[in-house]
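# Observations on the three-dimensional arrangement
Single-letter residue listing:
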Amino acid sequence: MTQDRLIIFDTTLRDGEQSPGASMTREEKLRIAHLLEKLRVDVIEAGFPAASPGDFEAVRAVARAVKDSRVCGLTRARAPDIDRAAEALKDAAAPRIHTFIATSSIHMQHKLRMTPEQVIEHAIAAVRHARNYTDDVEFSAEDAGRSEIDFLCRVIEAAIDAGARTINIPDTVGYAIPQQFGATIATLLERVPNSDKAVFSVHCHNDLGLAVANSLAAVLNGARQVECTINALGERAGNASLEEIVMAVRTRQDIFPVETRIDATQIVPCSRLVSNVTGFPVQPNKAIVGANAFAHESGIHQDGVLKHRDTYEIMRAEDVGWSANRIVLGKHSGRNALRTRLLELGVEFDSAQLDDIFLRFKDLADKKHEVFDEDLQALVSEAAPEESDRYRLRSLHVCSETGVTPRAEIQLEIDDQLRSGAAEGSGPVDASFQAVESIVNSGTELLLYSVNNITSGTDAQGEVTVRLSRAGRIVNGLGADTDIVIASVKAYLHALNRLTVPAERAHPQHDGV
Ligand code: KIV
Ligand code: ZN
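Residue numbering note: each chain is counted from 1, following its sequence as written. To label them, take the chains in the order written and letter them from A, then take the ligands in the order written and number them from 1. In keeping with the predicted nature of the model, local features appear solely for residues at pLDDT of at least 70, side-chain atom pairs appear and are counted solely at 80 or more, and the whole-chain, interface and lining totals rest on all residues. Just so you know, side-chain values use all the structure's heavy atoms and leave hydrogens and water out.

## Quick notes on the side chain of Lys-286
- Numbering of helices and strands runs from the N terminus; a helix is a DSSP stretch of H or I covering at least four residues, while a strand is a stretch of E covering at least two. By the element assignment, Lys-286 lies in the loop between α10 (267-278) and α11 (299-307).
- Any N or O atom pair separated by 3.5 Å or less is treated as a polar contact, with the protein-specific requirement of one donor-capable and one acceptor-capable atom, and with residues adjacent in sequence counted only for side-chain atom pairs. Separated by 2.6 Å, the side chains of Lys-286 and Glu-244 make a polar contact.

Here's what the structure looks like:
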């Protein structure tokens, strides 16, 4: 059987970023983009350049840095968006403009307030306009999963005639069911007269937990591009998980007549990086990248695996990037060893950054004798204090003992001034947050607090995620430390610092064309 190429289109930096609290800075996007390139994804959707100056800059930076993957920018079907995307992608080795308009009756009537004829006109105009900048134009029929099939055929035919080389069929609201979604793709390929002039793609959301199943059904019916994200990050319940799609196709070559060019050994490093940057922990039982994905607990399973791995393993942990030799460095390791290991982990840094990481590494190695890859990644991701940080932790004293209300005393540096505060709370973490608030009075609401052991053992670092909201804006903060109260305060201050940076961004799918 000859294998077709399945194009892996990663949208972690765009749709993934639309998860509440997952917004990323330019530097964070760059770090992830470098690793996605190493993972060998075909297309990196780097953002929505018209959303804000920050998004524009991030897409431009990714476009300049990435050479081995196509770099794509999303646009609504309007000329100014497309011009902005073209500008951001100007320096890309292989740019793609991705333009979309909704095609379901419910979206056309209530969101766009357009007739179907107007939607077709906008789609044609947008694709033609984008073709002035590049041959690589993708058109998406938003909410295709709920669009009327005859109309969908007409829009797609028109978009291909106008010059779209990729046609994306999004199940925007995660409504599709595998058998039906697969049949939709087969019908479109059969009924759209010029379907052979474009690659058909799918983009599935996970509202019913079917995003991967729907995407794979589409592949079996002729789709040759899948849009997906690392760790299934994405709007609401997320997108199809890249790691699950890639490994399903690879593991079941008897079923799927396609192959990807992904270097699967980069999957786990990518997953960790995305989790660290966004503050979205990976659930332990998540397929492929969860901490338990390859852990055999029951005696029967362990016995089977020891006798013959294939008894209970359909994939090998090392093939997706779980490293067998996890101990990397200790307190006697030098700067060069650290540098080499960071490079192996795909971390990019300049010499000033390496100095800072090295200092923090030494500090950590003093407290914790074995420093694992996971620790290094947390160290890198943990917001190294930045010039622009408004709030910095100077000292924390916490008193917690049986029968006594926990109390925290804290010193913060705010705009170069030392400020002190103290508070009691229901536990040491609560008291510490109250102590911070006694100084900053931020007016935020704590939406999420979670602690994750980075590695095992009581000397492991705790990695804390704090999600705060204020006036409709949601941010995540991350902190890691062998002391979880300190990690918690670091995460809280990280989130507060993020809130001090203005974020004015439009959402691609919240208004019409
Ligand atoms: O879910 C969706 O429809 C999208 C499109 C913009 C591709 O994200
Ligand atoms: Zn989407």
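On we go from here.
## Comments concerning the environment of Asp-150
- Here Asp-150 is to be found in helix α6 (residues 149-162).
- With a 1.4 Å probe rolled over the protein chains alone, any residue whose accessible area is under 20% of its type maximum counts as buried; one over 50% counts as exposed, and the rest are partly exposed. Of the residues examined, Asp-150 reaches a relative accessible area of 41% and is grouped as partly exposed.
- Distance in space between the C-alpha atoms of Asp-150 and Leu-412 is 62 Å, their sequence separation being 262 residues.

## As for the domain arrangement of the protein chain
- By the assigned domains, the protein chain splits into domain 1 (4-278), domain 2 (335-381) and domain 3 (391-500).
- Computed over C-alpha atoms only, the centres of domain 1 and domain 2 are separated by 35 Å.
- Only heavy atoms matter for contacts: two residues are in contact if any of them lie within 4.5 Å across the pair. In this complex, domain 1 contributes 9 residues to the contact, which on the side of domain 2 involves 10 residues.
- Here domain 1 and domain 2 share an interface that buries about 770 Å² over both sides, 44% of which is from carbon and sulfur atoms.
- A carboxyl oxygen of Asp or Glu within 4 Å of a side-chain nitrogen of Lys or Arg is what we treat as a salt bridge. Linking domain 1 with domain 2 are 0 salt bridges.
- Where domain 1 touches domain 2, the interface holds 0 residue pairs in polar contact (both at pLDDT 80 or more).
- For the side of domain 1 that touches domain 2, the element with the most residues is α10, which contributes 5 residues.
- Residues are sorted three ways: Asp, Glu, Lys and Arg are charged, Ala, Val, Leu, Ile, Met, Phe, Trp, Tyr, Cys and Pro are nonpolar, and all the rest, Gly among them, are polar. For the side of domain 1 that touches domain 2, a count of residues per class yields 4 nonpolar, 2 polar and 3 charged. In this entry, domain limits derive from an automatic or database-based domain assignment. Note on terms: buried area is the combined drop in 1.4 Å-probe accessible area of two parts once they are placed together, counting the loss on both.

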